[in-house]
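One letter stands for each residue in the lines below.
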Amino acid sequence: MVLALLGVWSSVAVVWLDLVDYDNVIGKLSAYDADGDGDFDVEDAKVLLGKSEKERLQKERVAKEKAEKERIEKERVAKEKAEKERIEKERVAKEKAEKERIEKERVAKEKAENERIEKERVAKEKAEKERIEKERVAKEKAEKERIEKERVSKEKAEKERVEKERVAKEKAEKERVEKERVAKEKAEKERLEKERVAKEKAEKERIEKERVAKEKAEKERIERERVAKEKAEKERLEKERVAKEKKKPKLLNAFEKTIKAEIDAAEKLRKKGKVEEAVRAFDTLVQQYPQSPRCRYGKALAEDDLAEKMRSNDMLQKALSTYKEASELPNAMPDLIKATLKKRAERQQFLGRMRGALATLEKLVQIFSEDVALKNDLGVAHLLIGDNKSAKRVYEEVLAIAPSNGFAKVHYGFILKSENKIAESIPFLRDGLESGDPGTDDGRFYFHLGDALQRMGDDSAYKWYERGHQRGHFASVWQRSLYNVDGLKAQPWWTPKDTGYMDLIKTLERNWRTIRDEALSVMDKTTGLFVPEEENLREKGEWGQFTLWQQGKKAGESCHSVPKTCGLLERYTEATGCKRGQIKFSVMQPGTHVWPHTGPTNCRLRMHLGLVIPKTGCKIRCTNDTRAWEEGKVLIFDDSFEHEVWQDADSYRLIFIVDVWHPELTQYQRQTLSPI
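Residues numbered from 1 in each chain as written. Predicted model: local features only at pLDDT ≥ 70, side-chain atom pairs only at ≥ 80, totals over all residues. Heavy atoms only, no water.

1. Topic: the nonpolar core
Argument step 1. Within the largest apolar cluster, 41 residues are counted, with the highest numbers of intra-cluster contacts made by Leu504, Leu508, Phe585, Met607 and Phe656.
Argument step 2. Taken together, the elements giving at least two residues each to this core come down to helix H18 (502–510), helix H19 (512–521), strand E4 (543–550), helix H20 (563–569), strand E6 (582–588), strand E8 (604–612), strand E11 (634–637) and strand E13 (653–661).
Argument step 3. Residues Ala319, Val365, Leu374 and Leu378 belong to the second largest nonpolar core, which totals 22 residues. (Core = buried A, V, L, I, M, F, W, Y, C linked by side-chain atoms within 4.5 Å. Buried < 20%, exposed > 50% of the residue type's maximum accessible area, 1.4 Å probe, protein only. Helix = DSSP H or I, 4+ residues; strand = E, 2+ residues; numbered from the N terminus.)

Laid out in C-alpha cells, this is it:
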C-alpha cells in the first residue's frame, strides 16, 4: 500500500511538480512495473499488492510443505535409525549371548573335566591309600595269625607228641603181641596157599605153553606158506622178467637171415653214431628189399637217431611213419612188431601226441594180450590224457591176473587217491612201493602215500617221506617238491631282505589298500571271478581264488577288473614272468582247513600280502613254524616246504598271493625252465 501510494505521488511529483529526479526514481521502481507500460502507477501498485499476498501465501504453503516433508523425513530417518539401532542391538545381544553360552559351556566342560580329573585323582589316591592300608592291615593280621598259629601249633604239637608217645607205647605192645599171633597164623596159611597156587600155576603154565606153542607153530606154518608163496610168485615173475630181458628178441625172418651181414653193417654204422651214413645204408636196403620188416625197422631207428642229433621234429615224424610201415609188413616177426610199436608209442609221447601213443599201445595190447607190462604201459597212456577211468579199468584187469604186480598197485592206488578214496588208496600205494618192482620207485608215489597217511592222521607218513628222501626223490622230509633245480638256497621262511625283491615288497605294502579295494569290488559271487580251489587240498570249508597271472602270462581278461593292481605289478618281471608261479587273490571263509601239502617246485618263493585279516583265528604253518598274517604286510615262504592253513575266525580272510622266481636262479634258467 505504501509502495503504491508512493508510486502515485512520485508520478505527480515527477510530472507536475518536478520535485524528484524522475529517471533515478523510475529506474528504482521499474522492477515493479506490472502492466508493462514503462512506469510504476496505480495499476502496477494494485497488481503488486495482490501478487505479494499470493506470494506470501505461496511461501507459507511451501514453507509448511517443506516443514512437513522435513518432519516426515526426520521421522523416517529417525525410525530407520531406531530400527537399525534396534537390529544392531539385537545382533550384538545375540552374539554376546552366544559367546556367553559358548564360554559358559567351555567353562562348564573345563570345570567338569577338571572335576572328573580331580575325582579320578582323589579316587586313585583314595584307592591307593585304601590298598596300602589294606595291605598293611592284611600283613599285620597275617603276621598275628602266623604267630598265633605257630603258638597253637607248638602247643598242639607238644600235646600230640606226648599223646602219641603214650598211644604208641600202648599200640606197640598190642601190635607186638598181635603180630606174633598173626604171623604164626599167616605163615601157616601162606605155606598152604603157596603150595596150592604153585600147583595151579604150574598146571596153567603147562596148559598155556602148550596152547601158545600150538598157535605159534600154526602161525609160523601159515606165515611160512604165505612167504613161500609170495617168494615163489616173485621168483617166478622175476624169472619171467629176467628171461624176457635175457632172451634176445627174434627180429629176423627167414629171408632176412640171408641178408644179415648187410643189415649188421648198416646197424654197425648206427651204433657208432654215424647216423647219416646209417640212414643212407638202411634206405638202400629198403629199396633193395622193400618187403623186409627188419630193414625198414633199422631205417626207422637210424632216422630216430638222426632226429635226435638234428633236434628235428620233422625227421622224428618221418621215423614214426617208418616204424608204422615196418610193423605192418607181412612176415614181420612178433618180437620186431612189439619192439617197433613200443618205440613208436614212446616217440609219439615224446612229441606230445598222447592219443596217437594210446592208439599204438592199444594195438600192442590187442596183439600181445598176455603181456602184463604192455597193459601197464597202456594204463599210463590213459593217465597221460586224463582218462583215469579207463586207466583204472586197465589196472583192475592187470591185478586180477597178477595180484602182486607192484607197478599196477602204485598206479591203481594213485587213481583211488585222485578219486578222494584216501583210505582205500593206502594199501595199494604201500604194497606197490614195498614190492620194489620196476617203475614203482617214483617220488610221486612216496608223495601221495605220505599225503594219504597224513589225511588219515597216521604219523607213519613221515617214515615214507624219509624213505623218499633217502631214495633221492625229496630234498628233505619237509621239502617234497618234485620239479627242482639243485643247489638253490632252501629255507621255509624268508625275510624281504633275503629275497632281494625289496622294491616289489615296498610297492605291495604301500599300495595294499588300493589292491584290497579292487579285490573287494570283484568279490561279489554274481561276477563269477572267484572260483573254488580245485586241487583237493581242503579238508573242509570254502576257499576261492581269482587269478591274474599264471605260468608267466596274464590270465585272460582278469586285469580288466583290477587295472590298478595289475598296473602296479607290470614292471616286476620276477613276478609277472615267473613261469612256475601265479599271481592271484585268495579268499578263505570261516571253518576252512587246508591239508598239509607242498608246492610242485623249489624254483619260486610265495608272497602273501594281507588285505582283510580277522583279529584272531587265521594262521599258517610252514614246517614246524606257525605264523599269522597282518593287513598291509607281506609274509614270504618257500611253498616247496610242507605248509598247512587254518581259518577259524568269524569272518572271511582275504590275501594277495604273488609268486616270484627263486632269487638264486640265473636269467638263463628263468628263460629256459618249463612252465608249471
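So, next bit.
2. Brief notes about the packing of aromatic side chains
Argument step 1. Scanning the model with the defined rule gives 11 aromatic pairs in all.
Argument step 2. With centroids separated by 6.2 Å and ring planes inclined at 15°, the aromatic side chains of phenylalanine 546 and phenylalanine 585 adopt a geometry described as stacked. Of the two residues, phenylalanine 546 is situated in strand E4 and phenylalanine 585 in strand E6; the sequence distance between them amounts to 39 residues. Across the pair, exposure class does not vary: phenylalanine 546 and phenylalanine 585 are buried alike.
Argument step 3. Taken together through their ring pairs, the aromatic side chains of Tyr462, Tyr465, Phe474 and Trp478 make up a single cluster.
Argument step 4. For the cation-ring pair, arginine 480 lies above tyrosine 465, with the distance from its terminal atom to the ring centre recorded as 3.6 Å. (Phe/Tyr/Trp six-rings, centres within 6.5 Å; stacked < 30°, edge-to-face > 60°. Lys NZ or Arg CZ within 6 Å of the ring centre and 35° of its normal.)

3. What about the state of the cysteines?
Argument step 1. Per the stated rule, a full pass over the model turns up 1 disulfide.
Argument step 2. Paired through a disulfide, cysteine 559 and cysteine 566 show a sulfur-sulfur distance of 2.0 Å. On the sign convention where negative is left-handed, the bridge of cysteine 559 and cysteine 566, at about -85° about the S-S bond, is left-handed. (Disulfide = S-S within 2.5 Å.)

4. A short note on the sheet that holds strand E3 (residues 538–540)
Argument step 1. On the basis of which strands lie adjacent, the open sheet formed by 5 strands has the order E3-E7-E12-E9-E10 and antiparallel pairing. The open sheet terminates on both sides in strands that have one partner only, identified here as E3 and strand E10 (625–627). This sheet shows a mean twist of 20° between the axes of neighbouring strands, independent of strand direction.
Argument step 2. Examined bridge by bridge, strand E9 (residues 618–622) and E10 share 3 bridges and lie antiparallel to one another. Within E10, the residue paired with cysteine 622 across the bridge is aspartate 625. (Pairing = 2+ DSSP bridges. Axes fitted to C-alpha atoms, helices over the stretch in contact; angles between N-to-C directions.)

5. A few points about the pairing of E11
Argument step 1. Burial along E11 is two-sided: the face carrying Val634 and Ile636 and the face carrying Leu635 and Phe637 are both buried.
Argument step 2. Pairing between strand E1 (residues 493–494) and E11: 2 bridges, direction antiparallel. Each bridged residue has a counterpart across the sheet, and for tryptophan 493 the counterpart in E11 is phenylalanine 637.
Argument step 3. For E8 and E11, the ladder comprises 4 bridges, and the chain directions are antiparallel. Residue pairing for E11: arginine 606 is matched across the bridge by phenylalanine 637.

6. Thoughts on the packing of helix H11 (residues 372–384) against helix H13 (residues 406–418)
Argument step 1. Their axes nearest at 10 Å, the elements H11 and H13 cross at an angle of 25°. Taken as axis vectors, H11 and H13 run roughly parallel relative to one another. Crossing geometry of H11 relative to H13 is assigned as left-handed. Contact residues: H11 offers Asn376, Val380 and Leu383, while H13 offers Phe407, Ala408, His411, Phe414 and Ile415.
Argument step 2. Residue classes in the contact of H11 with H13 are distributed as 6 nonpolar, 2 polar and no charged. (Parallel < 35°, antiparallel > 145°, perpendicular 65-115°, else oblique. Left-handed = near helix turned anticlockwise from the far one by under 90°. Contact = heavy atoms within 4.5 Å. Nonpolar A, V, L, I, M, F, W, Y, C, P; charged D, E, K, R; others polar.)

7. Let's talk about helix H8 (residues 313–328)
Argument step 1. With 16 residues, H8 extends 23 Å from end C-alpha to end C-alpha; this agrees with the ideal 22 Å at 1.5 Å per step.
Argument step 2. Contacts made by the buried residues of H8 are with helix H7 (293–310), helix H9 (334–350) and helix H10 (354–367).
Argument step 3. Capping the start of H8, serine 312 holds a side-chain oxygen 3.4 Å from the backbone nitrogen of aspartate 314, two or three residues further along. (Expected span 1.5 Å × (residues − 1). Polar contact = N/O pair within 3.5 Å; in protein donor to acceptor, adjacent residues only side chain to side chain.)

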